[in-house]
Structures are given as C-alpha cells and as structure tokens.
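Working through the structure, step by step
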Amino acid sequence: PGMTIKELAETMGIRVVDALKSLIKMGEEPKTIQDELTIDIAELLVLEYGMHVKLPEGSESMKLDLRAPVVTIMGHVDHGKTTLLDYLRSTSVAAGEVGGITQSIAAFEVHRPKLGKICFIDTPGHQAFSSMRERGAKATDIIVLVIAAEDGVMPQTIEVIDHARAAQVPIIIAVNKCDLPGADPNMIYSQLMEHGVTVEPFGGDVQTVNISALRGQGIDKLEEAILLLAEMMDLRAPRDGPAEGFIIESRKDKALGPVASCVITLGALRVGDVVVAGADWGRVKVLRDAKGESVKFVGPSSVAEVVGFRSQPSAGQELFVVENDSKAESYTEKFGSRKGSMKRIQSSKQEEHQGELMEVPVIVKADCEGTLEAVMASLLALPSHEIVLKIIESGTGPVTESDVQSASASGAHIYTFNCRQPSAQLKKTIQNLEVKVSDFRIIYDLIDNVTSLLVSKLPPRE
Ligand code: GDP
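Report follows, based on the coordinates. (Residues numbered from 1 in each chain as written. Predicted model: local features only at pLDDT ≥ 70, side-chain atom pairs only at ≥ 80, totals over all residues. Heavy atoms only, no water.)

1. Focus: the site of the ligand
Short version of the rule: Any residue with a non-hydrogen atom lying within 4 Å of a molecule or strand is treated as near it. Polar contact criterion, stated in full: a pair of N or O atoms within 3.5 Å, where within protein one must be able to donate a hydrogen and the other to accept it, and residues adjacent in sequence count only if both atoms are side-chain atoms. The method behind every accessible area is Shrake-Rupley, applied with a 1.4 Å probe, and residues are considered shielded solely by the protein chains displayed. Labels follow the DSSP assignment, with helices taken as runs of H or I lasting at least four residues and strands as runs of E lasting at least two, numbered in each case from the N terminus. Each residue is assigned to one class: nonpolar for Ala, Val, Leu, Ile, Met, Phe, Trp, Tyr, Cys and Pro, charged for Asp, Glu, Lys and Arg, and polar for all the others, Gly among them.
The environment of the ligand is formed by 15 residues, the closest being D78, K81, T82, T83 and D179. Contact between the ligand and H79: an oxygen atom at 3.3 Å from a main-chain N or O atom of the residue. A distance of 2.5 Å separates an oxygen atom of the ligand from a polar atom in the side chain of T83. Within the complex, 74% of the 580 Å² of free accessible area of the ligand lies under protein. Per-element tally for the shell around the ligand: the top contributor is helix α4 (residues 81–92), with three residues. Of the residues belonging to the shell around the ligand, the class tally is four nonpolar, seven polar and four charged.

2. Thoughts on the packing of aromatic side chains
What counts is decided by this rule: Aromatic contacts are taken between Phe, Tyr and Trp rings whose centres are within 6.5 Å, Trp giving its six-membered ring; a plane angle under 30 degrees counts as stacked, one over 60 as edge-to-face, and the others as tilted. Per-residue accessibility, obtained with a 1.4 Å probe over protein chains only, is compared with the maximum for each type, and a residue is labelled buried under 20%, exposed over 50%, and partly exposed between these values.
According to the stated counting rule, one finds three aromatic pairs in the structure shown. Consider the rings of Y415 and F440, whose centres lie 6.1 Å apart with planes at 25°: the pair is stacked. In this pair, Y415 sits in strand β19 (residues 413–417) while F440 sits in strand β20 (residues 437–440), placing the two residues 25 residues apart along the sequence. Each member of the pair, Y415 as well as F440, is classed as buried.

3. What about helix α13 (residues 443–456)?
An α-helical turn contains 3.6 residues, so any two residues separated by three or four positions project in the same direction. Our working rule: Expected span of a helix: the number of residues minus one, times 1.5 Å. Throughout, the arc means that of the directions going from the helix axis to the C-beta atoms.
When the terminal C-alpha atoms of α13 are compared, their 20 Å separation across 14 residues agrees well with the 20 Å that a helix rising 1.5 Å per residue should span. By the burial criterion, the buried members of α13 are I443, L446, I447, V450, T451, L453 and L454. Along α13, the residues classed as buried sweep out an arc of 155° about the axis, all on the same side.

Taken by themselves, the reported measurements are silent on function.
So, in structure tokens, the structure goes:
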C-alpha cells in the first residue's frame, strides 16, 4: 500500500502545497492530497528534495535539517514597514561593513547569536506592491503585520490578514509607533479580534509585540517572537539537494547581464547549476551571499544574488535547479505561453485607465482543504494591476444553490477543482441564471483558464 501525498509531505516535513507543486512540476497530475503515490514517484519526490532514502522505511535519514524562517513585513501604508526594515537591516551588518552590502539585494539576513538566523524579504514599496504582497504571502514562512498604534486596523491591514489566511502563513503582530503618546495596543487587539485574529494577551495564539521602529525599541522582542514561532513551526529543508527558491527582484547590469536577487528555500544553489525561473533560465556564473560576497554555494533560507540568467527573470517567479540545458529549455517553453498572457495583464497598467481597478469576480470550490489551499495560493500569485481577480467566495465541496445565487448576483464565474457534478436540478438553475461553471482536474489548467478570463476582460488594444 502506497503513501498518500499528504502522508508523504508530512513525513518529509514539507508543506502539502509544495509537494503538490513539485509533483505537477514532475509532470504528475495529482488530483487530491489523498492520492496514493507509487513508490517510484514517491522516491522521485523525495530525491527532488535532496533526501537520499529508501521508502517506505528510513524515517530517520528522512529527518531534514532545521532552517531559518523567511519573513515578510507587511501592513498598511505609513504604518512603518520601511522604517522597521531599515532598522532591521542596519542591525544585520556589523559596524563598518555597510559599504560591502549590495544594495540591490532585496532581502537580508539577521543573525542573533545563540538564537538563530532570520531571512527578511525587503519587499520593494510602491511599484506593483499588491502583487508583490501576494507573492510575499506565498513565498514566506511568517508575516510580520505592522500596525501603527495611533492609526489602528486599516484596509490594507485587513487585506494582509486575508492573504495570510488564504496562503496559510502565520502572522505576528507588531504594534508600531508605541513611542507616541496615547498609543493603545488594547484598542488594536480588539479591532483585530473583529477580523478573526486573537492575540496572546486576549487568550489567542497570535503573538504580538509593541515596538517603535523609529527608536529601535522592542525590535529584539520581535526577533525573538519570530524565532519562537519558527521553532514551533519546525521548519526544515534539505541542506544540499538541488535548490529551490524564488526571485525577489531582478535587474540588468551593463557588464554582467541579468542579475537576480533570490531567496533559496530548499537545498543548495551552486555555481555552475542550471536554474529555471518561469520562462527564463541560465547557468549560475557568479553567486553572491547576503553580504554581497562571492561564494561557491548558498544553503536554505538564504539570500543570494545570481548572475548567469540568459534573460531577466520576473520578480516572484519560483526558481529551481534542473539537470541540464535541454531540461531547462523544455521547462521554460511550457511557462512561456502562460507568461505571454501574464505580461499582457501586467502591461495593461501602462495603458490609459489610470487608477481604476477592474475586478473580475470568481467563486472557487475544491474537493478538499489541501487542494483548495493549493488552488488559492496559485490564484493569489496571479499578477494583478489594472485588472484584479476577486475571489468572492471559496470553500470545499461541490457547487451549491447558494454559490450559484451569489454568482448570478455578482456576475462571478465559478471554478471548481475536482468536484462532483451538480445535480440535475441545480444544473437547470445554472442554465436559467446563465452562470458559468468550469470544473478542472489539473491546477495548471485552471490557472490557465482564469488567466484567459482575465485577459478577455482587458480593454482591446489599439
Ligand atoms: P511604510 O509606508 O509602512 O513603509 O511607513 P514608513 O516606514 O515610511 O513610515 C511612515 C512614517 O511613520 C514616517 O514618517 C516614519 O518616520 C514614521 N514612523 C515609522 N515608525 C515610527 C515609530 O515607531 N514611531 C514614530 N513616532 N513614527 C514612526
């Protein structure tokens, strides 16, 4: 009897979503997380994560190395994200070393002696921030949600809470600007409660820390909270398998060509590796660590700068190592057509319609929590600028009468993943109300379809 995807992911200490994604990348078509894997596929998946074991036994050698948390700082505009990042960054380098830091690396590491390391993603502010934020939520282990004490919970605060929930990323609350007179963290705790977030002082399990990013107060407590949560999450990754990670930012250097900042989440990236990121690939020629020093390899939960991509990879793309150039080419081809559509959506922001966001409502249903999570994570990673996907409802189980009614009322398209067909009676209602329902068995197909839906809503090009 084989193991299910869920069981294997749990044994390996990786997220079910990541196991699903890896399987899809390997060309499998997982339908549910309860799918049983053949020994061959299971072994491939295990190898993919750099673990050299024989299944099904070998639980001991399968234990992975602990790794540092990758953290994103989010919050409403002006609540102090940049100030906090600046402060953290300033503590991340020993005095006198500042000049050596490559400013272009959009992430940095903080080392706390005895306690551990934290990898912070320095999300670039304004430009494309909403899509970066979504990527951030997807790409990180922990979100620090900054809330200004004198301002309280604001619209973007709520968005972060929603994204974190959809992507199942735990949050830590940082109540900022506590140096200001009248700062009242309790007021913020009550506001958070209204949005389903119960902090520890109120009997919940979400940690909260009072800080002043401006004065550098409470930052050590915040770092301790992050490391404590990371310990509880028991984050693990292979230390020397083929690397996986994602691109945070990339730029073109006159002399070096494309330079990509990335965070390595699994395995080790080495000079000479062939890397793929979306439709772009290359061979790692130069690798720099968080300090901007040239190194031969970087391990999990590390920041790295990669020189060697043939074309400039896009921010937010997942990065992984493949065996050779031809493998890389076949991967990038597959991604290519999808990226064309994505580019079209992204470039729409340069066209006329400024400021006006067009929302495309959808309802998402999946057969179980695990797949819903994977589908939501992929949907949230879609670019959103001029045109944004608005998931008005999501849940598990087949389409219901009430889903159809809300779809009809809002003009939403219903996407189902691996769900049972609606009953004959419900089918009639669907027809009468002219609601569109599409069912998919493969996540990539669903994403492709949603992408086309978004593209179809774009204003026609001149
Ligand atoms: P962001 O938009 O979230 O990145 O916010 P910024 O970091 O740019 O901060 C917005 C404003 O709040 C700036 O004027 C900061 O100086 C100020 N600010 C940030 N942190 C603190 C703090 O802890 N105390 C006080 N009094 N002001 C702060």
